[in-house]
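The primary structure of each chain is shown beneath.
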Amino acid sequence: MKIGIDIGRVIIAGDTDEHSSFFSKNYLEAPAVAGAFESITRLAQAYGPENLYLVSKCGERTAARTVEWLQHQRFHETTGIPPEHVFFCRKRHEKRGICLEHGITAFIDDRFSVLGHLTDFEALFLFQPGDEELALYKASRREVKATMQVVRDWNTILRQLLP
């Protein structure tokens, strides 16, 4: 299995105080989502770091900040995931092409509006969705819901993905 992981609000915490927000001048101080590094490290140990990818939708400035944040937090050294496995796109539906290009069959994202493009994948996790994304999930067809799980923490993902 190859696993794709979104970055914002899945690895980098989204709702933090003004001082340490990723979108503040102190973006390098933005915290990681609880359990993200440890869980991703365990997934990399189980599947091999070469089978994990980070795929994020953002603009150039946010992409540059993200790369810098990952380096500052020693993400690659901690998890073993190579920097070459970090990809950015400008539109949510473009994540599908990146996933297909790299053979990704499972994906973790906080947005149903991304996962809705990946419903033929082996495993999908809607991670701590906001109200709007959760409403989209709830309104989706039964067959779409059958392909994904709403999860509130990294431990739930580990229980599902670890052999």
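Everything that follows concerns the structure shown earlier in this document.
It should be emphasised that the depicted structure is a prediction, and the values quoted were computed from it without experimental measurement. (Residues numbered from 1 in each chain as written. Predicted model: local features only at pLDDT ≥ 70, side-chain atom pairs only at ≥ 80, totals over all residues. Heavy atoms only, no water.)

### Section: the overall build of the chain
Looking only at helices and strands, the chain has eight helices and six strands in total. Relative to the 2.2 N^0.38 estimate, which gives 15 Å for 163 residues, the radius of gyration of the chain is 15 Å and therefore close to what a compact globule would have. Principal axes of the C-alpha set define a box for the chain whose edges measure 45 × 35 × 30 Å. Per-residue burial over the chain gives 48% buried out of 163 residues. Counting only contacts in the chain whose residues sit at least 6 apart along the sequence, the fraction spanning at least 24 positions is 64%. Here the chain displays about 8,300 Å² of accessible surface, and carbon together with sulfur accounts for 47% of that area. Taking the average place of the 20 positive charges on the side chains of the chain and the average place of its 22 negative ones, the gap between the two points comes to 4 Å. (Helix = DSSP H or I, 4+ residues; strand = E, 2+ residues; numbered from the N terminus. Rg over C-alpha atoms; globule rule 2.2 N^0.38 Å. Buried < 20%, exposed > 50% of the residue type's maximum accessible area, 1.4 Å probe, protein only. Contact = heavy atoms within 4.5 Å. Areas by Shrake-Rupley, 256 points an atom, 1.4 Å probe, with all protein chains shown as cover. Lys, Arg positive; Asp, Glu negative; His and termini not counted. Charge placed at Lys NZ, Arg CZ, Asp CG, Glu CD.)

### With respect to the nonpolar core
One broad rule of soluble globular proteins: the nonpolar side chains tend to lie buried together. Ile3, Ile5, Ile11, Leu52, Ile108 and Trp154 are the most contacted members of the largest nonpolar core, which totals 34 residues. Going through the elements one at a time, strand E1 (3–5), helix H1 (36–47), strand E2 (52–57), helix H2 (60–72), strand E4 (106–109), strand E5 (123–127) and helix H8 (154–161) are the ones with two or more residues in this core. Ranked by residues supplied to this core, first place goes to H1 with six residues. Setting aside anything within four residues of it in sequence, one finds Ile3 in contact with Leu43, Tyr47, Asn51, Leu52, Tyr53, Ile104, Ala106, Ile108 and Leu161. Core analysis: the next-biggest nonpolar cluster, separate from the first, contains 18 residues, Val55, Phe107, Phe121 and Leu134 among them. (Core = buried A, V, L, I, M, F, W, Y, C linked by side-chain atoms within 4.5 Å.)

### With respect to the sheet that holds strand E6 (residues 148–151)
The strand order across the open sheet formed by six strands is E3-E2-E1-E4-E5-E6, and the pairing between neighbours is parallel. Strands with a single pairing partner mark the edges of an open sheet, and in this sheet they are strand E3 (86–89) and E6. Going across the sheet, the axis of each strand differs from the next one's by a mean of 20°, ignoring polarity. Relative to E4, E1 runs parallel, the two being bridged by three bridges. Bridged to Ile5 within E4 is Ile108. Strands in contact with H8 are E1, E4, E5 and E6; relative to E5, the strand with the most contacts, it is inclined by about 170°. (Pairing = 2+ DSSP bridges. Axes fitted to C-alpha atoms, helices over the stretch in contact; angles between N-to-C directions.)

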